[in-house]
2 protein chains.
Amino acid sequence: MKNLVTGCVGFIGSNLVEYLLNKGIEVIGIDIDKSREHLLPDHKNFTMIWDSIRYLDYYHETFKGVDTIYHLAAASDIARSSINPAYDLAENVVGTHVILETMRKRNIKNMIFTSTSVVYGEDAPRPTPESGIDFDPTSQYGASKCCVESFIHAYVHVYGIKAWIFRFGNVIGRNQHRGVIYDFLNKLKVNPKELEILGDGKQIKSYVHVSDCISAMDWIPKNDGNKGVETYNLAIHDYKNVTELADILCDELGIKPKYNYTGGDRGWVGDVPIVMLDATKALSTGWKPKLNCEEAIRRTVRELSE
Amino acid sequence: MKNLVTGCVGFIGSNLVEYLLNKGIEVIGIDIDKSREHLLPDHKNFTMIWDSIRYLDYYHETFKGVDTIYHLAAASDIARSSINPAYDLAENVVGTHVILETMRKRNIKNMIFTSTSVVYGEDAPRPTPESGIDFDPTSQYGASKCCVESFIHAYVHVYGIKAWIFRFGNVIGRNQHRGVIYDFLNKLKVNPKELEILGDGKQIKSYVHVSDCISAMDWIPKNDGNKGVETYNLAIHDYKNVTELADILCDELGIKPKYNYTGGDRGWVGDVPIVMLDATKALSTGWKPKLNCEEAIRRTVRELSE
């Protein structure tokens, strides 16, 4: 079996590649971020393409026998996307369109796409189910993910590919290079006596460990009987606010810094203060996450501190 | 007052420009389709820009004082979009992003966008309301409109523009250069004794006259108290299948051709066989369409036969 992973040195991508190789699957990776070259696996079944997904089709000879594309490559910095709006359009929307065109032209049948809970916006009921909710993205990043999901639907209907869309909540774990835990650890390295917390600390999210996300991306497509396109929230029914997260993180580190809140109900422009996803659909396939929120946070603190 | 109309020589655009000029509004038009140059108004309050919307910002000096953009320009040929998928992406998605960026940079506050019922896909309940329905576009064209709607939401949230999204059903009327009535009239001109009907004739849609659409696009933004973004189905609660439409059309022409069906439940790849939109939200603003389905069809037959 042969899979293609876009964004293969990214946070989730690097974990996924290792997982697939360990299962004996041949993997082609594509990424553009050379600063993360150290995360490349040294494995006989791994082939690397250093390029933007926008030029994916150029390498089509390599794709013979690929049956599934895990499409993870994306500009994913929400704060930046409000300052440079065209970037998410080019990388996420145009880039994904190239991938879908490659699938169409090269007859690759399955796409597994990592979307986001940000598509729902702020007024959705909580916990938020996958279906019956209007898209209402509050950032360019969120909008770009709505676009990609929409184009995937069209390709499923018109060209008969199969697709799984996973809307992630907050994924945390090894190789993470962004996000609240990463940010806190960096700040505490400089000064372990004080911790600046963006917003009022009351933003509530569910934190899922990357290993559970990957087990879902493997388990669900094999077990859900999808005939066209299926969309899943990937989350757990367990939530922490940012102050609680800071408490767990500091307890794991054995320190007690003073918290300084920057104030306001959100961390940055485009942030969604409360994200509670209904994961009933994913759980109904038999997928079982192993770590609750606190366990995922503690493990991530250890992994990122190594 | 000064408005900008993209797609100003298109079907709806050309009707809208005339309407706005008649109301004493200064209009800047932008379009790329020189084959429709004859539809340009000869009016002192009208300025024309012949270019793609992708280069809109180049003309920003012209936009001083523009408060509203009617964004109608789009690749809108569903059948063609399945053959050349990248076209809708470039023209509709990238093009609209340029417009939104122009609004952000030039401080233009209001956008009125013509979307489509095609965003809903085929499994939506009927009549289909605007809210609580998953996007499930069955064509590249539909997907591109989902993208644009998503980016509009992000711009409303992040940059504070106001937007009205109108999802049209089948709009018909003067200056139409595509669609079932146009197609039938052309075929009957060649041979008034036979009429080829794509599909099985059972596709059901609501046909709204362009004059009623334009009255909605004028009335609703002034009367709905929108604080950010509002989405409306523009349709009437009156439906005809394609055979009924052919009957009305032929009756209006005074001919009785033999119908030849090409078969299948849809006219082309990406067609949605049954479209019934719930227009309750639009009607609740006080908007009153003047023509029912049959009247709209008869008037369009007369207008296109002139």
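Parameters and conventions
- Sequence order as written defines the numbering, with residues in each chain counted from 1.
- Lettering of chains starts at A and numbering of ligands starts at 1, both following the order in which they are written.
- Whole-chain, interface and lining totals are the exception, using all residues; otherwise, since this is a predicted model, local features are given only for residues with pLDDT of at least 70 and side-chain atom pairs are given and counted only at 80 or more.
- Working definition: helices are DSSP H or I runs of at least four residues, strands are E runs of at least two. Numbering for both runs from the N terminus.
- As a reference, a globule follows 2.2 Å times the number of residues to the power 0.38, and the radius of gyration itself is taken over C-alpha atoms.
- Buried, partly exposed and exposed are defined by the number of other C-beta atoms within 10 Å of a residue's own C-beta, namely 20 or more, between the two limits, and 12 or fewer respectively, with C-beta atoms placed from the backbone.
- Here, residue contact means that the backbone-derived C-beta atoms of the two residues sit within 7 Å.
- Least-squares superposition aligns the copies on the C-alpha atoms of those residues with pLDDT at or above 70 in both.
- Boundary definitions for the domains trace back to an automatic or database domain assignment.
- Residue count minus one, scaled by 1.5 Å, sets the expected span of a helix.
- Along the arc lie the directions from the helix axis toward the C-beta atoms.
- Here, strands pair whenever DSSP counts at least two bridges between them.
- As a rule, the C-alpha atoms of each element are fitted with a line to give its axis, helices using only the stretch in contact, and angles between N-to-C directions run from 0 to 180 degrees.
- Any angle that falls under 35 degrees is termed roughly parallel, while one over 145 is termed roughly antiparallel, one within 65 to 115 roughly perpendicular, and all others oblique.
- Left-handed describes a crossing whose near helix is turned anticlockwise from the far helix by less than a right angle; the clockwise case is right-handed.
- Amino acid classes used here: Ala, Val, Leu, Ile, Met, Phe, Trp, Tyr, Cys and Pro are nonpolar; Asp, Glu, Lys and Arg are charged; the rest, including Gly, are polar.
- Clockwise travel from the first strand over the helix to the second, with the strands pointing away from the viewer, marks a crossover as right-handed.

Brief notes about the overall build of chain A
Alright, step 1. Tallying secondary structure elements over chain A gives nine helices and 13 strands in all.
Alright, step 2. Against the globule reference of 19 Å for 306 residues, chain A gives a C-alpha radius of gyration of 19 Å, in line with a compact fold.
Alright, step 3. When its C-alpha atoms are laid out on the principal axes, chain A stretches across 55 × 45 × 40 Å.
Alright, step 4. Here chain A holds 306 residues, and 50% of them are scored as buried.
Alright, step 5. Partitioning the intrachain contacts of chain A with sequence separation of at least 6 by distance along the chain shows that 80% fall at a separation of at least 24.

Brief notes about the relation of the copies chain A and chain B
Both copies of the chain are related by a screw-like operation: a rotation about an axis and a shift along it.
Alright, step 1. Its rotation angle being 180°, the transformation that places chain A on chain B also includes 0.0 Å of axial translation and leaves an RMSD of 0.0 Å. Overall, the copies show the geometry of a two-fold rotation axis.
Alright, step 2. Of the interface residues in chain A, 100% have counterparts in chain B that sit at the interface too, so the contact is made through matching surfaces.

Topic: the environment of A:Ile274
All names here are of chain A.
Alright, step 1. Here Ile-274 is to be found in the loop between strand E13 (258-261) and helix H8 (280-283).
Alright, step 2. The class for Ile-274 is partly exposed, based on 16 C-beta atoms found within 10 Å.
Alright, step 3. For the pair formed by Ile-274 and Tyr-239, sequence separation is 35 residues and the distance between their alpha carbons is 9.7 Å.
Alright, step 4. Among all residues touching Ile-274, those that are not within four sequence positions of it are Arg-126, Gln-203 and Ile-204.

Some words on the domain arrangement of chain A
Residue and element names in this part refer to chain A.
Alright, step 1. Partitioning chain A into domains gives domain 1 (2-171 + 209-234) and domain 2 (172-206 + 237-276 + 286-305).
Alright, step 2. Taking only C-alpha atoms, the centre of domain 1 and the centre of domain 2 are 25 Å apart.
Alright, step 3. With 30 residues of domain 1 at the contact, the number on the domain 2 side is 26 residues.
Alright, step 4. Elements that contribute at least two residues to the side of domain 1 that touches domain 2 include exactly helix H1 (11-22), helix H2 (78-81), strand E7 (170-172) and helix H6 (210-223).

Observations regarding unusual backbone geometry
Alright, step 1. Cis geometry marks the peptide bond from A:Arg126 to A:Pro127, where omega comes out at -5°.
Alright, step 2. Even without being a glycine, A:Asn175 presents a positive backbone phi close to 75°.

Observations regarding helix H9 (residues 293-305) of chain A
Residues and elements named next belong to chain A.
Alright, step 1. A rise of 1.5 Å per residue sets the reference length of H9, with its 13 residues, at 18 Å; its end C-alpha atoms lie 18 Å apart and thus fit the reference within 8%.
Alright, step 2. Of the residues making up H9, those classed as buried are Cys-293, Ala-296, Ile-297, Thr-300, Val-301 and Leu-304. Looking down the long axis of H9, one finds its buried residues gathered within 135° of arc, a one-sided arrangement. The exposed set on the far side of H9, more than 90 degrees from its buried face, consists of Arg-302 and Ser-305.
Alright, step 3. At its buried positions, H9 is contacted by E7, helix H5 (180-190), strand E10 (207-209), strand E12 (240-241) and helix H7 (242-253).

A few points about helix H1 (residues 11-22) of chain B
Three- or four-residue spacings in an α-helix give side chains the same orientation, since the helix completes a turn every 3.6 residues.
Alright, step 1. Along its twelve residues, H1(B) runs 17 Å from first to last C-alpha, staying within 8% of the 16 Å computed at 1.5 Å per residue.
Alright, step 2. Buried within H1(B) are the following residues: B:Phe11, B:Ile12, B:Gly13, B:Ser14, B:Asn15, B:Leu16, B:Val17 and B:Leu20.

Some details on the sheet that holds strand E1 (residues 2-6) of chain A
All names here are of chain A.
Alright, step 1. Sheet architecture is open: seven strands sit in the order E3-E2-E1-E4-E5-E6-E11, paired in parallel fashion. Two strands lie at the open edges of the sheet, namely strand E3 (46-50) and strand E11 (229-234), each paired on one side alone. Ignoring which end each strand starts from, the neighbouring axes of this sheet average 15° apart.
Alright, step 2. Across the face of the sheet, H1 comes into contact with E1, strand E2 (26-31), E3, strand E4 (66-71) and strand E5 (110-116) while running at roughly 165° to E2.
Alright, step 3. H6 rests against E5, strand E6 (162-168) and E11 of the sheet, and its axis sits at about 150° to E6.

Quick word on the sheet that holds strand E5 (residues 110-116) of chain B
All names here are of chain B.
Alright, step 1. Pairing in this open sheet of seven strands is parallel, and the strands run E3-E2-E1-E4-E5-E6-E11 from one edge to the other. Edge strands, defined here as strands with exactly one partner in the open sheet, are strand E3 (46-50) and strand E11 (229-234). The average undirected angle you get between the axes of adjacent strands in this sheet is 15°.
Alright, step 2. Note: strand E6 (residues 162-168) against E11, six bridges, orientation parallel. Counted as the bridge partner of Phe-166 is Tyr-232 from E11.
Alright, step 3. Strand contacts of helix H3 (residues 85-106): strand E1 (2-6), strand E4 (66-71) and E5, with the helix running at about 170° to E4, the strand carrying the most contacts.
Alright, step 4. Strands E5, E6 and E11 of the sheet are contacted by helix H4 (residues 140-159), whose axis makes an angle of about 155° with E5.

Considerations on the interface of chain A and chain B
Note: interface size is frequently given as the accessible area lost on complex formation between the parts.
Alright, step 1. Taken together, the contact pairs 29 residues of chain A with 29 residues of chain B.
Alright, step 2. Every element with two or more residues in the side of chain A that touches chain B is listed here: helix H3 (85-106) and helix H4 (140-159) of chain A.
Alright, step 3. For the side of chain A that touches chain B, the leading source of residues is H4(A), giving eleven residues.

Here we look at the packing of helix H5 (residues 180-190) of chain B against helix H9 (residues 293-305) of chain B
All names here are of chain B.
Alright, step 1. One way to put it is that H5 packs onto H9 with a least axis distance of 10 Å and a crossing angle of 50°. On the basis of their axis angle, the class for H5 and H9 is oblique. Our pair here, H5 against H9, has a crossing hand that is right-handed. On H9, the residues touching Ile-181, Tyr-182 and Leu-185 of H5 are Ile-297, Thr-300, Val-301, Leu-304 and Ser-305.
Alright, step 2. For the contact of H5 with H9, the class distribution of residues is six nonpolar, two polar and no charged.

Concerning the environment of B:Tyr155
Residue and element names in this part refer to chain B.
Alright, step 1. Turning to its location among the elements, Tyr-155 is positioned in helix H4.
Alright, step 2. Linking Tyr-155 and Glu-101, residues 54 residues apart in sequence, is a C-alpha distance of 8.8 Å.
Alright, step 3. Apart from residues no more than four positions distant in its own chain, Tyr-155 is found in contact with Leu-100, Arg-104 and Ile-161.

Things to note about the environment of B:Gly179
Alright, step 1. By the secondary structure assignment, B:Gly179 is in the loop between strand E7 (170-172) and H5.
Alright, step 2. Between the C-alpha atom of B:Gly179 and that of B:Asn107, which follows or precedes it by 72 residues, the distance is 36 Å.

Regarding the pairing of strand E2 (residues 26-31) of chain B
Residue and element names in this part refer to chain B.
Alright, step 1. Of all six residues in E2, five are buried; the element is thus mostly enclosed.
Alright, step 2. Here E1 pairs with E2 via five bridges, running parallel. Each bridged residue has a counterpart across the sheet, and for Thr-6 the counterpart in E2 is Ile-30.
Alright, step 3. Note on the crossover from E1 through H1 to E2: the handedness is right-handed.
Alright, step 4. Bridge count for E2 against E3 is five bridges, and the pairing is parallel. Within E3, the position partnered with Ile-30 by the bridge is Ile-49.

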